[in-house]
Each structure stands twice: as structure tokens, then as C-alpha cells.
Amino acid sequence: VSLLPLSAQASDINVYGGVLGKLTFDDKFSHSGQTFEATIGVENSGLFTELWMGTLDDPTDDFEYELALGYGGDITETFSYSVSATGFYLNNSGFDHYELGGGLSFAATEDFNLGAELGWDPKNDNFEKAVVFDWVANEKITVEGEIGLSDADNNTYWELAALYDLGKGFGTGLFYED
């Protein structure tokens, strides 16, 4: 499993992207599938847009596309926020739904951030709630995690990633999700 973020800056504009290959295993650790994801985004002075694409294991649709637009900034030196609207599209079925989201983040230390995120799907009246963290272990390694609850399928989930900075805007890492 590999995460390869890219980043480039020109003036105050930040362009970023990445790819992720995900292998899926069943309870007996037998390989049961794979998916691929890619993202690209642009951020300038707090305003951001992002396009995410991923393969699906679905009888009707093979790909999902998400297009997000949002804004984020600092409230104080230790608190920050973000708000966003994301549209979800499927390659054969077309527009599926949209989600309104928000998040708060607290810089507990110089190297550790803790946050809360909330997403609402008005079409289906579903909420997704999550607690997130990121920890910069050193100049090369960052650990990120998330635990959340999704109303859509009454599912508690968690994700953990270890990222390694290769330099010059490139990196790799391992990602686990349950």
C-alpha cells in the first residue's frame, strides 16, 4: 500500500495530489480485492478545491468522483477550522448526493494536532462524525489517524496512516482502515 503525495507552491497557491493503492483482506487475511484512489487539490489563502477519484466494487458503477470546495483558517494560534461542500458522482449513475462538512482542530503541541469533523448528507439525513489526529514524529515521519461513526451504514470505522517524506514534495506511506 503506497501513498504518494505531491506538492508544489507558486506564490500563495499550493497544489497537491496523491495516489493510493489499497489491498483488501478478509478476516483470514486472504486477499479479497483492491481499489485505487487519486486526488488533486488547490489551496490559496484558505480557499480550497479538491477532486478525489476512486474505484468501486459495485455492480452498477466502477468509479466514484468527489468534488469539494471549502474554506479554512486559524481562529487562534492553536485553533483552526474548515467548512466545505462536497458533491459525490458515480460514473454510470451520475450525481449521487452532496455533503456539508466542518471541522475544528487544536494544536495540542508543536507536533501533535487533535480535531473533530462533522459531515451531513441532507438528501439522506445522515451524519458522519470523526475524531482525527496527526503527529509529526520527526522531520521525515508523520502518523495520522481517524475514528468515526457513519449513520449511513451504522458503522464505526478507524484509519491509521504512517507517512514518510521522501523530499522535494514526494512521500510514501502505509494506510490501514477498518
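Above this text you will find the structure in question.
How each quantity is defined
Residues numbered from 1 in each chain as written. Predicted model: local features only at pLDDT ≥ 70, side-chain atom pairs only at ≥ 80, totals over all residues. Heavy atoms only, no water. Helix = DSSP H or I, 4+ residues; strand = E, 2+ residues; numbered from the N terminus. Rg over C-alpha atoms; globule rule 2.2 N^0.38 Å. Buried < 20%, exposed > 50% of the residue type's maximum accessible area, 1.4 Å probe, protein only. Contact = heavy atoms within 4.5 Å. Pairing = 2+ DSSP bridges.

1. What to know about the overall build of the protein
- Looking only at helices and strands, the protein has zero helices and 13 strands in total.
- When the helices and strands of the protein are listed from N to C terminus, the series reads β-β-β-β-β-β-β-β-β-β-β-β-β.
- In terms of overall dimensions, the protein is globule-like: its C-alpha atoms have a radius of gyration of 17 Å, near the 16 Å expected for 178 residues.
- Each principal axis of the C-alpha distribution contributes one length, and for the protein these read about 45 × 35 × 30 Å.
- For the protein, buried positions account for 24% of its 178 residues.

2. Looking at the side chain of glutamate 64
- For glutamate 64, the location among the structural elements is in strand 6 (residues 63-74).
- According to the relative accessible area criterion, glutamate 64 is buried, its value standing at 16%.
- Residues contacting glutamate 64, with those up to four places away along its chain left out, are Trp52, Met53, Gly54, Leu56, Phe88, Tyr89 and Leu90.

3. Digging into the pairing of strand 7 (residues 79-90)
- Pairing analysis gives 11 bridges linking strand 6 to strand 7, with the strands arranged antiparallel. Its bridge partner being in strand 7, tyrosine 65 is matched across the sheet by tyrosine 89.
- Pairing geometry for strand 7 and strand 8 (residues 94-107), over 12 bridges, is antiparallel. Residue pairing in the sheet places valine 83 in a bridge with glycine 102 of strand 8.

4. Quick word on the pairing of strand 8
- Taking the residues between adjacent antiparallel strands as the criterion, strand 7 and strand 8 are bridged by three residues.
- As paired strands, strand 8 and strand 9 (residues 112-121) are joined by eight bridges and run antiparallel to one another. Pairing of leucine 104 across the sheet is with alanine 116, part of strand 9.
- Here strand 8 folds back onto strand 9, and the loop between the two strands holds four residues.

5. What about unusual backbone geometry?
- In this model, serine 45 sits at a positive phi of 50 degrees, which is unusual for a non-glycine residue.
- One non-glycine residue with positive phi stands out, namely lysine 168, at about 55 degrees.
- One can find lysine 168 in the loop between strand 12 (155-167) and strand 13 (170-177).
- Classification of lysine 168 as exposed rests on a relative accessible area of 81%.

Any functional reading would require information that these geometric values do not contain.
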